[in-house]
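An overview of the molecular structure
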Amino acid sequence: LDKFVADTNILDAGTISQLVIDGPLYDSTVVIPDTVIHEIHRQVDEGRDIGEAGLTELETLHDLDQAGLITLDIADTSAEPTSQDNVDVDHTIINIARKRDIPICSDDETLLRIAQLLGVTSFQLKQELSQPKQLVEHILAKEGELPIFELGKLIGDRRSELVPTPNEVVNE
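Below you will find a few notes about this structure.

Calculation notes
- Residues numbered from 1 in each chain as written.
- Predicted model: local features only at pLDDT ≥ 70, side-chain atom pairs only at ≥ 80, totals over all residues.
- Heavy atoms only, no water.
- Axes fitted to C-alpha atoms, helices over the stretch in contact; angles between N-to-C directions.
- Helix = DSSP H or I, 4+ residues; strand = E, 2+ residues; numbered from the N terminus.
- Parallel < 35°, antiparallel > 145°, perpendicular 65-115°, else oblique.
- Left-handed = near helix turned anticlockwise from the far one by under 90°.
- Contact = heavy atoms within 4.5 Å.
- Nonpolar A, V, L, I, M, F, W, Y, C, P; charged D, E, K, R; others polar.
- Pairing = 2+ DSSP bridges.
- Buried < 20%, exposed > 50% of the residue type's maximum accessible area, 1.4 Å probe, protein only.
- Salt bridge = Lys/Arg side-chain N within 4 Å of Asp/Glu carboxyl O.

1. Structural notes on the packing of helix α3 (residues 34-45) against helix α4 (residues 49-66)
Packing of α3 against α4 brings their axes to within 7 Å, and their N-to-C directions diverge by 135 degrees. Put simply, α3 runs oblique to α4. Handedness of the α3/α4 crossing: left-handed. In contact with Ile37, Ile40, Gln43 and Val44 of α3, α4 contributes Ile50, Gly51, Glu52, Gly54, Leu55 and Leu58. Classifying every residue of the contact of α3 with α4 gives six nonpolar, three polar and one charged.

2. Thoughts on the sheet that holds strand β1 (residues 3-6)
One open sheet accounts for five strands, arranged β3-β2-β1-β4-β5; its pairing is parallel. Of all strands in the sheet, those bounded by a partner on one side alone are β3 (71-75) and β5 (122-124). Along the sheet, successive strands turn relative to each other by an average axial angle of 30 degrees, direction set aside. Judged from the three bridges that link them, β1 and strand β2 (residues 29-33) form a sheet pairing that is parallel. Each bridged residue has a counterpart across the sheet, and for Val5 the counterpart in β2 is Val31. Where α4 meets the sheet, it contacts β2 and β3, and its direction lies at approximately 125 degrees from that of β3. Across the sheet, helix α6 (residues 109-117) is in contact with β4 (104-106) and β5; its angle to β5 comes to roughly 155 degrees.

3. What to know about the pairing of β2
In summary, the side chains of a regular strand alternate between the two faces of the sheet. Across the five residues that make up β2, a large majority, five, are buried. Neither face of β2 is exposed, since Thr29, Val31 and Pro33 on one face and Val30 and Ile32 on the opposite face are all buried.

4. Thoughts on the packing of helix α2 (residues 15-22) against α4
Orientation of α2 relative to α4, taken along the N-to-C sense of each, is 35 degrees, at an axis distance of 8 Å. From α2, Thr15, Ile16, Ser17 and Val20 reach across to α4, where they touch Glu57, Thr60, Leu61 and Leu64. When its residues are assigned to classes, the contact of α2 with α4 shows four nonpolar, three polar and one charged.

5. Quick word on the pattern of salt bridges
Evaluated as defined, the whole model comprises one salt bridge. For the salt bridge of Asp73 with Arg100, the shortest nitrogen-to-oxygen distance reads 2.5 Å. Of this pair, Asp73 sits in strand β3 while Arg100 sits in helix α5 (residues 86-100); the two residues are 27 residues apart in sequence, bridging distant segments of the chain.

See below:
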């Protein structure tokens, strides 16, 4: 993929930076709507670890952009309707992809199907298989060293924040 619009869930999972490092997305242009950044901001404000993971991914993508490995394009959507509703964020992603004639990359099966119905090319990116590892790393970064049983309890309490893993990966 040379250029694509990224959905929140692949940012939360750290998928893009991993695929840049592994090679398939090296030298790509990653378009991130500012509404996606607002959604991640909301997740962080709600104290959700998945939001912290998304913010970390944004910082990593910024660093990859600064290193010349990708081009990071933050799309201004001030003309688009705004809401805390995921459907509005999804429609904003579809509209940007349509206007720029570029594909969407997501792991949201509904978004991918709607995009296809509307004639927008979309790809399902496999979310990083190490999401539980990411969750453990975020907990340890926040809490410090813990006895294993306490760590297990915290992981169990935050398990709902993990995003289900998909079936496909883009390898272009």
